[in-house]
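Residue strings, one per chain:
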Amino acid sequence: MILKNKRMETSELAKVASQVRRDIVRMVHGVASGHPGGSLGCTDLLVSLYFQAMNLKMDDQGSVVFDMSGSGEDLFFLSNGHISPVLYSVLARRGYFPVSELATFRKLNSRLQGHPATAEHLPGIRIASGSLGQGLSVAAGAAYGKKIRNDPHRVYCLMGDGEQQEGQIWEAAAFIPHRKLDNLIAIIDFNGQQIDGPTDVVLNNRDLGAKYEAFGWTVLHMDGNDLDDVASTLQAAQEAGGQGAPVCIIMKTEMGQGVDFMMHTHKWHGTAPNNEQLTAALAQLEETLGDY
Amino acid sequence: MKTYTFTEKKDTRSGFGAGMAELGRSHPDVVALCADLVASLKLDTFIKENPDRFIQCGIAEANMIGVAAGLTLNGLIPFATTFANFGSSRVLDQIRQAVAYSNKNVKICVSHAGLTLGEDGATHQVLEDISMMKALPGMTVINPCDFNQTKAATIAIADYEGPVYLRFGRPVVPNFTPADQPFEIGKAILLNEGADVSIFATGHMVWQALEAGKLLAEQGVEAEIINIHTIKPLDKEAILASVSKTGCVVTAEEHQMNGGLGDSVAQVLALNHPAPLEMVAVNDSFGESGTPEQLMEKYGLTAASIVAKALAVIQRKK
């Protein structure tokens with residue numbers, strides 16, 4: 001049975017976001033590998049989506065229910081799969097699997113693979129991602145399927161800005177407006193950083209908003225680390241949908257948001273904190289829901 | 001030697017088109033995707049009868065594979081179609097991550113495989129696709145031999161849950177498989193019983209194997225001829241049962257020797273029942289422009305080649 005989502009007020013989201021950020025740095029520290037920078041930057045978005053914006057399938061008690069089809073609910077696809085820590089934490093905190101399982105991240109026999117995968121049947125994951133550039137196409141297929149099935153729900157897809165350098169992105173960017181998939185909302189994590197340095201230096205994407213507009217998308221901009229702006233922009237994106245054109249949100253974020261020494265650098269894209277750095281990071285992030 | 005006859009030559013891709021037409025009527029969940037090659041894939045009837053279940057993707061194969069993977073979530077059964085080169089090597093990473101690793105119920109159906117694509121030349125004549133696809137965990141790889149078998153395979157894979165690579169071709173070839181023969185994935189078909197040599201053939205080479213069987217019979221050699229339409233999962237029982245009787249093997253395929261049917265058969269033999277083996281396949285070479293007949297002759301994919309290898313492998317038994 002599907003109940004209407006019990007939506008969290010925006011003021012409550014900050015508490016969840018703080019706990020998710022604690023989870024991220026602890027998960028990455030626990031296995032001494034993983035990608036904290038982008039995960040911290042996208043925390044506010046994922047918390048807003050899963051605790052407020054998305055309509056999720058639930059049982060009578062209001063607990064989320066996962067099935068692979070995702071029919072009758074909104075779907076989220078993470079194309080930049082390396083920021084799996086934020087997705088795993090948000091899914092666990094939302095109730096898709098036990099929070100204690102976050103301790104198994106990237107370890108042998110875990111359902112929490114380094115990059116999201118379906119092979120281990122982790123609830124909440126519908127496609128493998130990690131090889132960049134593929135998620136928008138998969139989201140397009142899911143959105144197309146919802147059109148064929150007359151399912152009025154939406155499909156969200158998060159991508160990185162470095163990922164925009166992949167050619168397949170632009171195949172999908174052309175396909176989605178051409179097929180009028182106005183039930184799809186794409187979000188680009190515009191943090192300006194990638195492994196080898198600033199995105200403008202490695203391979204300049206130029207004006208991403210203008211490019212998507214030229215391809216036929218409705219383009220919105222938001223501050224991805226301002227929960228109020230995220231809430232209002234996602235609302236605007238939902239209202240802009242259903243009018244023939246898909247929506248692309250250019251989401252300005254700070255890689256490493258919430259941990260001062262991880263911000264304003266690409267250094268923490270794929271680096272784990274040591275013991276001292278973990279202590280310093282956790283001191284900046286309030287424990288709100290209880291650590292795993 | 002059992003006699004096989006045919007009333008007409010037809011292309012295997014038209015068998016695919018006929019299968020899709022039937023699926024359009026019988027399977028409401030089947031959706032067809034194509035990357036700007038509708039006429040080549042013979043999708044006209046399916047599209048005409050089911051315009052809402054056809055998705056034109058344009059010349060953007062990587063996106064097409066991802067869209068197909070996403071469509072499966074809604075219980076739809078996507079058939080993603082293009083030329084074999086563009087449905088395998090061009091999109092290997094997309095198939096690996098979004099289809100095979102993610103275990104999505106996508107049917108990748110590709111035409112113009114192998115040398116018999118002809119005049120377009122080596123850029124389009126993929127001879128490595130079986131190798132790539134069979135290496136992917138969980139991927140089923142099928143290469144039917146004629147119109148009727150391709151049609152039957154197309155219908156059969158719609159009822160099978162899991163990723164499939166279905167490979168067929170452009171030229172007209174003898175259509176000898178009974179129209180009512182059911183297609184069983186992974187079940188080899190015994191075409192002729194014989195005690196002297198086993199010939200395991202796939203795709204267009206099955207008819208050449210039958211021609212070779214006739215030529216061998218004239219020389220007093222009884223060839224056992226088996227149609228291996230499914231390269232993965234391979235029918236090991238049928239292979240071992242035959243080689244236990246004949247003691248030697250020839251494989252025949254329109255594909256590279258490296259990584260093709262012959263390699264798969266060699267593995268089964270080496271692990272279970274070592275026996276002399278000869279392979280009729282392209283030997284570490286690209287193709288070139290020419291007519292299908294000229295190319296098959298130049299690269300040794302003929303009944304005469306199978307005969308020569310059969311006689312040679314029989315000698316190795318002794």
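About the criteria used
- Residues numbered from 1 in each chain as written.
- Chains lettered and ligands numbered in written order.
- Predicted model: local features only at pLDDT ≥ 70, side-chain atom pairs only at ≥ 80, totals over all residues.
- Heavy atoms only, no water.
- Pairing = 2+ DSSP bridges.
- Helix = DSSP H or I, 4+ residues; strand = E, 2+ residues; numbered from the N terminus.
- Axes fitted to C-alpha atoms, helices over the stretch in contact; angles between N-to-C directions.
- Contact = heavy atoms within 4.5 Å.
- pLDDT = per-residue confidence, 0-100.
- Salt bridge = Lys/Arg side-chain N within 4 Å of Asp/Glu carboxyl O.
- Buried < 20%, exposed > 50% of the residue type's maximum accessible area, 1.4 Å probe, protein only.
- Right-handed = clockwise from strand over helix to strand, strands pointing away.
- Buried area = accessible area lost by both parts, 1.4 Å probe.
- Nonpolar A, V, L, I, M, F, W, Y, C, P; charged D, E, K, R; others polar.
- Parallel < 35°, antiparallel > 145°, perpendicular 65-115°, else oblique.
- Left-handed = near helix turned anticlockwise from the far one by under 90°.

1. Some words on the sheet that holds strand β10 (residues 197-201) of chain B
Residues and elements named next belong to chain B.
Part 1 of the argument: Pairing in this open sheet of five strands is mixed, and the strands run β9-β11-β10-β13-β14 from one edge to the other. Unpaired on one side and paired on the other, β9 (189-192) and β14 (277-282) mark the two borders of the sheet. Taken pair by pair, the neighbouring strands of this sheet meet at an average axis angle of 25 degrees, ignoring direction.
Part 2 of the argument: In the packing of helix α11 (residues 303-317) onto the sheet, the strands contacted are β10, β13 (249-256) and β14, and the crossing angle to β14 comes to about 155 degrees.

2. Brief notes about the confidence of the model for chain B
The predicted coordinates of low-pLDDT regions are not to be read in fine detail.
Part 1 of the argument: Here chain B shows a mean pLDDT of 98. Residues at 70 or above account for 100%.
Part 2 of the argument: Interface scoring of the predicted complex returns ipTM 0.96; its pTM is 0.97.

3. Side note on the pattern of salt bridges
All names here are of chain B.
Part 1 of the argument: By the definition in use, this model includes 22 salt bridges over all chains.
Part 2 of the argument: Note that Lys214 is salt-bridged to Glu211, the shortest N-O span being 3.1 Å. In this pair, Lys214 and Glu211 are both assigned in helix α7 (residues 205-218), three residues apart and thus about one turn of the helix distant.
Part 3 of the argument: Overall, Glu211 belongs to the partly exposed group, its relative accessible area being 27%.
Part 4 of the argument: Close ionic contact of Glu224 with Lys245 constitutes a salt bridge, the shortest N to O distance being 2.5 Å.

4. Points about the pairing of β13(B)
All names here are of chain B.
Part 1 of the argument: In terms of burial, β13 is largely enclosed, as eight of its eight residues are buried.
Part 2 of the argument: Both β10 and β13 contribute to a ladder of four bridges, which runs parallel. Paired with Ala201 across the bridge in β13 is Ala252.
Part 3 of the argument: Inspection of the sheet shows β13 paired to β14 by five bridges, in the parallel sense. Residue Val250 lies in a different strand from β14, and its bridge partner there is Glu278.
Part 4 of the argument: Between the parallel pair β13 and β14, the chain is carried across by helix α9 (residues 261-272), and the sense of this crossover is right-handed.

5. Thoughts on the interface of chain B and chain A
Part 1 of the argument: Taken together, the contact pairs 27 residues of chain B with 31 residues of chain A.
Part 2 of the argument: Summed over both partners, the interface of chain B with chain A buries about 2300 Å², with 54% contributed by carbon and sulfur atoms.
Part 3 of the argument: Counting the surface chain B buries against chain A, the share from its top three residues, Leu73(B), Asn74(B) and Gln97(B), is 28%.
Part 4 of the argument: At the boundary of chain B and chain A, one finds one salt bridge.
Part 5 of the argument: Residue Asp29(B) pairs with Arg149(A) through a salt bridge whose shortest N-O separation is 3.0 Å.
Part 6 of the argument: Mapped by element, the contributors of at least two residues to the side of chain B that touches chain A are β3 (54-56), α3 (61-71) and α4 (92-101) of chain B.
Part 7 of the argument: At eight residues, α3(B) tops the list of elements feeding residues into the side of chain B that touches chain A.
Part 8 of the argument: Taken together, the residues of the side of chain B that touches chain A break down into 13 nonpolar, nine polar and five charged.

6. Describing the sheet that holds strand β2 (residues 30-34) of chain B
All names here are of chain B.
Part 1 of the argument: The strand order β3-β2-β4-β5-β7-β6-β12 describes an open sheet built from seven strands, whose pairing is mixed. The outermost strands of the open sheet, each flanked by one partner alone, are β3 and β12 (230-232). Taking the axes of each pair of neighbouring strands and ignoring which way they run, one obtains an average angle of 20 degrees across the sheet.
Part 2 of the argument: Direction of pairing for strand β4 (residues 77-83) relative to strand β5 (residues 107-111): parallel, over a ladder of five bridges. When the bridges of β5 are listed, Thr81 appears paired with Cys109.

7. Describing α3(B)
Part 1 of the argument: When you tally the buried positions in α3(B), you get 11 out of 11 residues, the bulk of the element.
Part 2 of the argument: Restricting attention to buried positions, one finds in α3(B) the residues Glu61(B), Ala62(B), Asn63(B), Met64(B), Ile65(B), Gly66(B), Val67(B), Ala68(B), Ala69(B), Gly70(B) and Leu71(B).

8. Side note on the packing of helix α1 (residues 12-26) of chain B against helix α6 (residues 147-158) of chain B
Residue and element names in this part refer to chain B.
Part 1 of the argument: Relative orientation of the contacting elements α1 and α6 amounts to 40 degrees, with a least axis distance of 7 Å. It follows that α1 is oblique to α6 by the angle criterion. Our pair here, α1 against α6, has a crossing hand that is right-handed. Counted together, Thr12, Ser14, Gly15, Phe16, Ala18, Gly19, Met20, Glu22 and Leu23 of α1 and Phe147, Thr150, Lys151, Thr154, Ile155 and Ala158 of α6 form the full contact between these two elements.
Part 2 of the argument: Split by residue class, the contact of α1 with α6 holds seven nonpolar, six polar and two charged.

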